[in-house]
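The residues making up each chain are set out below.
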Amino acid sequence: MKVIVEKNYDELSKRAASLLEEEIRNNPELVLGLATGSTPVGTYEELIRAHRERGLDFSKVSTFNLDEYIGLDGEHPNSYRYFMNEKLFDHININKEKTYVPNGKAQNPIDYCAEYDGDIERAGGIDIQILGIGTNGHIAFNEPADELSVGTSVVQLTKSTIEDNSRFFDSMDEVPKTAISMGIGSILKARKIILLASGKNKAPIMQKLLKENVISTKLPASLLLLHPDVTVIVDEDAYNI
Ligand code: PGA
């Protein structure tokens, strides 16, 4: 794991976006794995700037998002499809047909999960995957547990994730309790991974991940220690206890 410590959130976002810009310029048909949550928003803003000011071309790029709440369709303001449109896709020249976000309204979510992994494979696999990390160490919605799913699956959200995410909803009751999430195996198949962590509330989990050097399904992000090409970009607040 390569660790880059940036001074603050703005610098972290610029660093992540510039790594992605370089990748897209080297391979205009890049398959990008994307994440939602607060952390990548600054990175997406920088990518929009790169598109507007430097003509960064997304027309041949495909994207796969990590997860989606079950029960929310893409029009729902709290759905991750809506989030991605608003924070990135609507502001760049990407072909929306090449932007994949799991369908939270799939008729048969279990069959749908296998289809989603198939879609990733048909696209040639993910070249570079952006990840955030939960305060409990989850990546995507792979929550700490005795067992973790390898492929994309239907997951139950933990109490701590429901609490963390309730800030986006009017009340805790409105937060969906289940989601479709790419599995740990789907994530580890990405050729490169960039994990972003910002803010003091991430410092304890980053300390655990970076200093203990142990893997456990109770700390899903620790499975990334097995991947040969992971870059962690962290700001000082998240790095220093
Ligand atoms: P955050 O979420 O970026 O909003 O902190 C990260 C995550 O839960 O994976």
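Above this note sits the structure.
Residues numbered from 1 in each chain as written. Predicted model: local features only at pLDDT ≥ 70, side-chain atom pairs only at ≥ 80, totals over all residues. Heavy atoms only, no water.

Here's the deal with the nonpolar core
For soluble globular proteins, nonpolar side chains are generally found buried alongside one another.
Thinking step 1. Counting 39 residues, the largest nonpolar core has L32, L34, L47, F58, M84 and L88 as its most contacted members.
Thinking step 2. Taken together, the elements giving at least two residues each to this core come down to α1 (9-26), β2 (31-34), α2 (41-54), α3 (80-87), β6 (128-131) and β9 (192-197).
Thinking step 3. Apart from the residues lying within four places of it in its own chain, the contact partners of L88 are L34, Y44, L47, I48 and F83.
Thinking step 4. Grouped together as the second largest cluster of nonpolar side chains are 33 residues, A190, L195, L219 and V234 included. (Core = buried A, V, L, I, M, F, W, Y, C linked by side-chain atoms within 4.5 Å. Buried < 20%, exposed > 50% of the residue type's maximum accessible area, 1.4 Å probe, protein only. Helix = DSSP H or I, 4+ residues; strand = E, 2+ residues; numbered from the N terminus. Contact = heavy atoms within 4.5 Å.)

Considerations on the layout of surface pockets
If a probe as big as a water molecule is rolled over the atoms, it shows which places are left empty.
Thinking step 1. Estimates place the volume of the largest pocket at around 500 Å³.
Thinking step 2. Lining the largest pocket are 27 residues, with G37, S38, I133, H138 and K202 positioned closest to its centre.
Thinking step 3. Taken together, the elements giving at least two residues each to the lining of the largest pocket come down to β4 (67-69) and α5 (159-165).
Thinking step 4. Counting residues per element, the lining of the largest pocket draws most heavily on α5, at 3 residues.
Thinking step 5. Of the residues in the lining of the largest pocket, the class split is 11 nonpolar, 12 polar and 4 charged. (1 Å grid on protein atoms, 1.4 Å probe; cavity = no way out; pocket = protein on both sides within 12 Å on 5 of 7 lines; lining within 4 Å. Points joined across faces, edges and corners; volume = space filled by probe spheres on them. Nonpolar A, V, L, I, M, F, W, Y, C, P; charged D, E, K, R; others polar.)

Points about the environment of G42
Thinking step 1. Summarising the element assignment, G42 is placed in helix α2.
Thinking step 2. Judged by its relative accessible area of 7%, G42 falls in the buried class.
Thinking step 3. The sequence separation of G42 and E143 amounts to 101 residues, and the corresponding C-alpha distance is 25 Å.
Thinking step 4. Sequence-distant contacts of G42, defined by excluding residues within four places in its chain, comprise Y9 and S13.

Comments concerning the packing of aromatic side chains
Thinking step 1. Overall, the coordinates contain 7 aromatic pairs when judged by the stated rule.
Thinking step 2. Ring centres of Y69 and Y80 lie 4.8 Å apart, and the angle between their planes is 40°; this geometry places the pair in the tilted category. Linking Y69 in strand β4 with Y80 in helix α3, this pair joins segments that are 11 residues apart in sequence. The same class applies to Y69 and to Y80, which are both buried.
Thinking step 3. Over the face of the ring belonging to F83 we find K87, whose NZ or CZ atom lies 5.8 Å from the ring centre.
Thinking step 4. Here the basic side chain of K211 rests over the ring of Y239, its NZ or CZ set 4.8 Å away from the ring centre. (Phe/Tyr/Trp six-rings, centres within 6.5 Å; stacked < 30°, edge-to-face > 60°. Lys NZ or Arg CZ within 6 Å of the ring centre and 35° of its normal.)

None of this, on its own, says anything about what the molecule does.
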